[in-house]
Amino acid sequence: MAIEIREQPARRTRAADALAAALRHELRGDVRADAYTRQLYAGDASMYAREPLLAAFPRDADDVAAAIAIAGHFDVPVVTRGAGTSLAGQTIGGRGIVLDTSRHMDAIGDIDTERLRVRVGPGVVQEDLNRAAQRLGLGFGPDTSTSNRATIGGMIGNNSSGSHSIVYGCTIDHVHELEVVLADGSRATFGPGGDGAPTAIRDGLREILRDHADAIATGYPRHWRQAGGYRLDRLDRAFDLAKFVTGSEGTLVAITEATVGLVPLPSEKRFAVGHFDSLAGAIAATDDALELGAAAVELIDRKILELSRSKLEYRRLADTLEGDPAALLFVTFFGEESGERLDRLEAAWRRHGHGYHTLRAETAAEQEALTKVRKAGLGLLMAASTGAKRPLAFVEDTAVAPERLNDYVAAFAAILDRHGLEAGWYGHCSVGCLHIRPFVDLTAPGGIETMRSVADEVVQLVSEFGGVNSSEHGDGRARSAFNRRVFGDDLYEAMRRVKALFDPHGRLNPGVMVDAAPITEDLRDPALPPPGTLETRLSFAEHGGMRGAADRCQRIGACRKTGAGVMCPSYMATREEEHATRGRANALVKALSEPDPHAAMGSERLHEILDLCLECKACKSECPLSVDMASLKAEFLSHYQDAHGVPLRSRLFGSIRTLNRLGSATAPLSNLTPPRLRALLGIHPRRPLPRFTRDTLVRWHRRRAAPAAGTRGEVVFLADSFTTYTEPTVGRAAIELLEAAGWSVRLESTGCCGRSSISKGLLDRARAMAAAMTDRLAPYAERGVPIVGCEPSCLLTLREEHLSLQPGNPRAEAVAAQARLVEELLLEAELPLRPIVDRIVFHGHCHQKALAGTEAPVALLERIPGAEVVELDAGCCGIAGSFGFEAEHYDLSMRIGESRLFPALRTEGAATLVAATGVSCRQQIAHGTGREARHPAQIVRAAI
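Computed from a predicted structure; not experimentally measured. (Residues numbered from 1 in each chain as written. Predicted model: local features only at pLDDT ≥ 70, side-chain atom pairs only at ≥ 80, totals over all residues. Heavy atoms only, no water.)

A. Here's a closer look at the overall build of the chain. Helices and strands together make up the secondary structure of the chain, namely 48 helices and 25 strands. Relative to its length of 944 residues, the chain is compact, with a C-alpha radius of gyration of 29 Å against a globular reference of 30 Å. Overall, the C-alpha framework of the chain stretches about 95 × 75 × 60 Å when taken along its three principal axes. Split into buried and exposed, the 944 residues of the chain put 62% on the buried side. One finds the centroid of the 111 positive side-chain charges in the chain at a distance of 6 Å from the centroid of its 121 negative side-chain charges. (Helix = DSSP H or I, 4+ residues; strand = E, 2+ residues; numbered from the N terminus. Rg over C-alpha atoms; globule rule 2.2 N^0.38 Å. Buried < 20%, exposed > 50% of the residue type's maximum accessible area, 1.4 Å probe, protein only. Lys, Arg positive; Asp, Glu negative; His and termini not counted. Charge placed at Lys NZ, Arg CZ, Asp CG, Glu CD.)

Take a look at the structure:
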């Protein structure tokens, strides 16, 4: 039953429905064909987008085989993908089926420590494999900058390499055997000799090798880091089909399992960061590093450095730099002699006049902090986008011999100058590969033609320098169209025969590697309609409106990491694309591109996608492009509730100060919550509720004897809704510390910051609260009086959302400038502290990590004599204000806590103190581990 689905919309819909029904009948995994899922799988991290008919999430090889067989029955293409981070457009939708193997096919087998091998599913994330292997002193050699989300299947598809490729080579060098599904839905095992492959494929390949022997011997570029085209040259040397299909970008087979090699980790690792006045100077210093046996030589330019300075997550590198370098060169050495080699490198650079300063990073902590910026080079560069003018990935994967790199860069720069383009430069000097991304607006007149012309000229330039057009990111839709030119007619025809042999009907990722469309087809930005008119309650003027704020996402997938940081808690727990910041942003772009975006914001499906956003704000700092999904969700909820009304629970939680005040007034009776009331409000029966107290912070403050005037002047203490009514001991400790440090404390306790209303989308109410608080606090702020608080989510609302709710209000700006967390202010004073504990573990509040950083509370705790302070990298606690109280979110809330935070705390001894700045964090820790967590102010107060 071959059904044509590409023409009439009605017929397309019927065919898609029939296809989805067939897949659901045969697959154990999910099948989704709704409009939002199609949007999410239309694009990857490239400049391309092509909407599929549906996405399926296979659980195993049987599902993959069934899906491909059904695709043949319906005559539709199939695209397999992992993290969807391809830069050249290898994994865009393809108007057929997208098979996402990252969600379920992520098993890691037993590691063979004798043969140094392991069997893995295609959806295994590189860093997850490394964590499993690290316990045995092993790792996967190719180390991409996207290692925290790139899947092994995707790396095999692209033949990825990474920064240490001069030591470890490319992925193709580590693939030993592959379990695959062929284009007809049959299964095969590929490895050396080809015995597990069908006879027709083995014989056909040998015939191609014979017929095109001369072209295969002479037609490939001579640079060893070749990641484009089918590797008939390697097949000619060793008939290994596993290695042959590595780098074929899903066009020949679908991988269902891989046996890959592991490498021993270096006994020691050290690196130097050279500072240079010019890009050319940095490149020229590469030779000295290579002569000394460097394991990696990596470059980033001034543009990326400047962007890192403005990002909380990445500014630590900038804080360690000397002067204002135009470029940095990161040089890594492995082994016991790495320290000596660093000495020799510094001496060689001084002798040859290379650079003006060298920073050494010898400990793992120093190295991690510095390499974070290098690995985020792509994302940081994307953050420099202005509207549709973006640094595009279409000529960013070329490589030439390292000794010719400076001349190549000069010629490349001349091409950009002729077209009036600027670019960002970063990459791997050790192998002559620089990722050069010109800023182009494809929606502007002439933009597409400029992009095409530059690509055409760069292909010619690479050929003149004897380099490769694709060195680690593959061909995809950005470079496949040039392959006939790159390889010559005879070799290109050999590759076309390979495609026809494996996939005679062109179903597996068609239009990639051979028979490709021009690079100007399926471009995403020009195809986006103008945004519809939408009046927003929060200000997104900085990004040209709400769609512009959502469309900052460039789909690089940094939100799909799972083992570190905070972003994105619900994705870490569910591994669902739609629950990552990228998925939510793409869904919002779709809604905001409708003719009536206000009506589109009432979509139940869109609400389902955004519902599991915890509004932790981690994306504000950890996303290199600062996609602020917390604000976008709050704005969405306000429009959704315009259409559907405000639920009772949202009204109550959005009025938390009133609720807590009434609870305190009626305590202890209010602490008895009948089960029926919980059920009525949708509060989970197992979630402990905060305990109200009649002895509020306000009452305690009123009955105190007035302290002596402070020697440091006055400070306003923000008595938030929690430290006032449910945890007044936290407020007391903070106020007593401030007074001990010499400040006179004035309590501000008459209103709410509006944080809870914002989280529930009650933005009109929040604006009124923000205006009232600004009026109360502005007279102090304008006199330079600090405004401090203990609860990060409340205090930081003054710095963040109050400015968006009151755009252009100078009084709000004055208040924001004076708003400081209590720990930040206390660091300015000397406190007489005594030893009270040997070890403290600290868990920071998500908003604090995103907007202020956690250096202040850690530094304050470290002032306690004899105390070892350890900050946990345990992500979000999972409760996130009211989120973890809500019945439908409770289980996910606990899964998030259980993923890293709870296990980390269970390993601590009973004598260890647990510190946490957030009230929600302290509640979740108590519920999930039975341990009491205290605010840092309480612990420091106890040491007075």
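B. Just the nonpolar core, in detail. Ranked by internal contacts, the top residues of the largest apolar core, which has 61 residues, are Met567, Leu588, Leu606, Val627, Met629, Leu632 and Phe636. Residue contacts for Leu606: discarding those within four places in its chain leaves Tyr36, Ala587, Leu588, Ala591, Ala600, Met601 and Phe636. (Core = buried A, V, L, I, M, F, W, Y, C linked by side-chain atoms within 4.5 Å. Contact = heavy atoms within 4.5 Å.)

C. The arrangement of the sheet that holds strand β22 (residues 839-843) in detail. Pairing within the open sheet is parallel, and its 4 strands lie in the order β23-β22-β24-β25. For this open sheet the edge positions go to β23 (868-871) and β25 (933-934), each flanked by a neighbour on one side alone. Across 4 bridges, the pairing between β22 and strand β24 (residues 913-916) is parallel. Looking at the pairing, Phe842 lines up with Ala915 of β24. This element, helix α47 (residues 919-929), spans β22, β24 and β25 of the sheet and lies at about 145° to β24. (Pairing = 2+ DSSP bridges. Axes fitted to C-alpha atoms, helices over the stretch in contact; angles between N-to-C directions.)

D. Layout of the packing of helix α18 (residues 405-418) against helix α19 (residues 447-464). Between α18 and α19, the shortest axis-to-axis distance is 11 Å and the interhelical angle comes to 160°. Between α18 and α19, the angle is such that the two are roughly antiparallel. Between α18 and α19 the crossing geometry is right-handed. Every residue of α19 that contacts α18 at Tyr408, Ala411, Phe412, Ile415, Leu416 and Arg418 is listed here: Val454, Glu457, Val458, Leu461 and Val462. (Parallel < 35°, antiparallel > 145°, perpendicular 65-115°, else oblique. Left-handed = near helix turned anticlockwise from the far one by under 90°.)

E. Examining a nonpolar patch on the surface more closely. On the surface, Ile166, Val167 and Trp224 cluster together into a nonpolar patch covering about 260 Å² of accessible area. Tracing the backbone shows Ile166 in helix α6 (residues 165-168). Ile166 gets classed as partly exposed once you look at its relative accessible area, which sits at 32%. (Patch = residues over 30% accessible without salt bridge, like charges linked within 9 Å, V, L, I, M, F, W, Y side chains within 5 Å. Areas by Shrake-Rupley, 256 points an atom, 1.4 Å probe, with all protein chains shown as cover. Salt bridge = Lys/Arg side-chain N within 4 Å of Asp/Glu carboxyl O.)

F. Main features of the pattern of salt bridges. Under the defined criterion, the tally for this structure stands at 80 salt bridges. Of the charged contacts in the structure, one is a salt bridge between Arg605 and Asp34, with a shortest N-O distance of 2.9 Å. Of this pair, Arg605 sits in helix α28 (residues 604-611) while Asp34 sits in the loop between β1 (31-32) and α2 (35-40), and the two are 571 residues apart along the sequence. Arg605 sits in the buried class, given a relative accessible area of 17%. For Asp34, a relative accessible area of 24% puts it in the partly exposed group. The residue Glu51 makes a salt bridge to Arg38 at a minimum N-O spacing of 3.1 Å.

G. Representation of the confidence of the model for the chain in the model. Across the chain, the average pLDDT comes to 94, with 97% of residues at or above 70. Taken together, the stretch residues 1-7 has pLDDT below 50 and engages in 14 contacts with residues farther than four places along the chain or on a different chain. (pLDDT = per-residue confidence, 0-100.)

H. The arrangement of the environment of Cys616 in detail. As for its position among the elements, Cys616 is in the loop between α28 and α29 (618-622). Accessibility expressed as a relative area gives 10% for Cys616, which makes it buried. As for Cys616 and Leu53, which are separated by 563 residues in sequence, their C-alpha atoms are 33 Å apart. If sequence neighbours within four positions are ignored, Cys616 has contacts with Val566, Pro569, Cys846 and His847.

I. Summary view of the sheet that holds strand β20 (residues 787-789). Taken in spatial order, the 4 strands of this open sheet run β19-β18-β20-β21, and their pairing is parallel. Only two strands of the sheet have a single neighbouring strand rather than two, namely β19 (743-748) and β21 (819-821). Each neighbouring strand pair of the sheet contributes to a mean axis angle of 35°, computed without reference to strand direction. Note: strand β18 (residues 713-718) against β19, 6 bridges, orientation parallel. Residue pairing for β19: Val715 is matched across the bridge by Val745. Against the sheet, helix α36 (residues 728-740) engages β18, β19 and β20, with an angle of about 150° to β19. Taken strand by strand, helix α38 (residues 763-781) contacts β18, β19 and β20, and its axis lies near 160° from that of β18.

J. Highlighting helix α3 (residues 61-74). Taking 1.5 Å of rise per residue, 14 residues should cover 20 Å, and α3 covers 20 Å from first to last C-alpha, within 8% of that figure. In terms of burial, α3 is largely enclosed, as 10 of its 14 residues are buried. Ala61, Asp63, Val64, Ala65, Ala66, Ala67, Ile68, Ile70, Ala71 and Phe74 are the residues of α3 that are buried. Of the residues that open α3, the one with a side-chain oxygen 3.2 Å from the backbone nitrogen of Asp62 is Asp60. Phi for Asp75, located one or two positions after α3, is positive at around 55°. (Expected span 1.5 Å × (residues − 1). Polar contact = N/O pair within 3.5 Å; in protein donor to acceptor, adjacent residues only side chain to side chain.)

K. Broad picture of helix α15 (residues 338-352). The end-to-end C-alpha separation of α15 is 21 Å, in line with the 21 Å expected for 15 residues at 1.5 Å each. Of the residues making up α15, those classed as buried are Ser338, Gly339, Leu342, Leu345, Glu346, Ala348 and Trp349. Contacts from the buried residues of α15 go to β11 (269-276), α12 (286-291), β13 (327-334) and β14 (357-361). Downstream of α15 by a residue or two, Gly353 has a phi angle that is positive, lying close to 70°.

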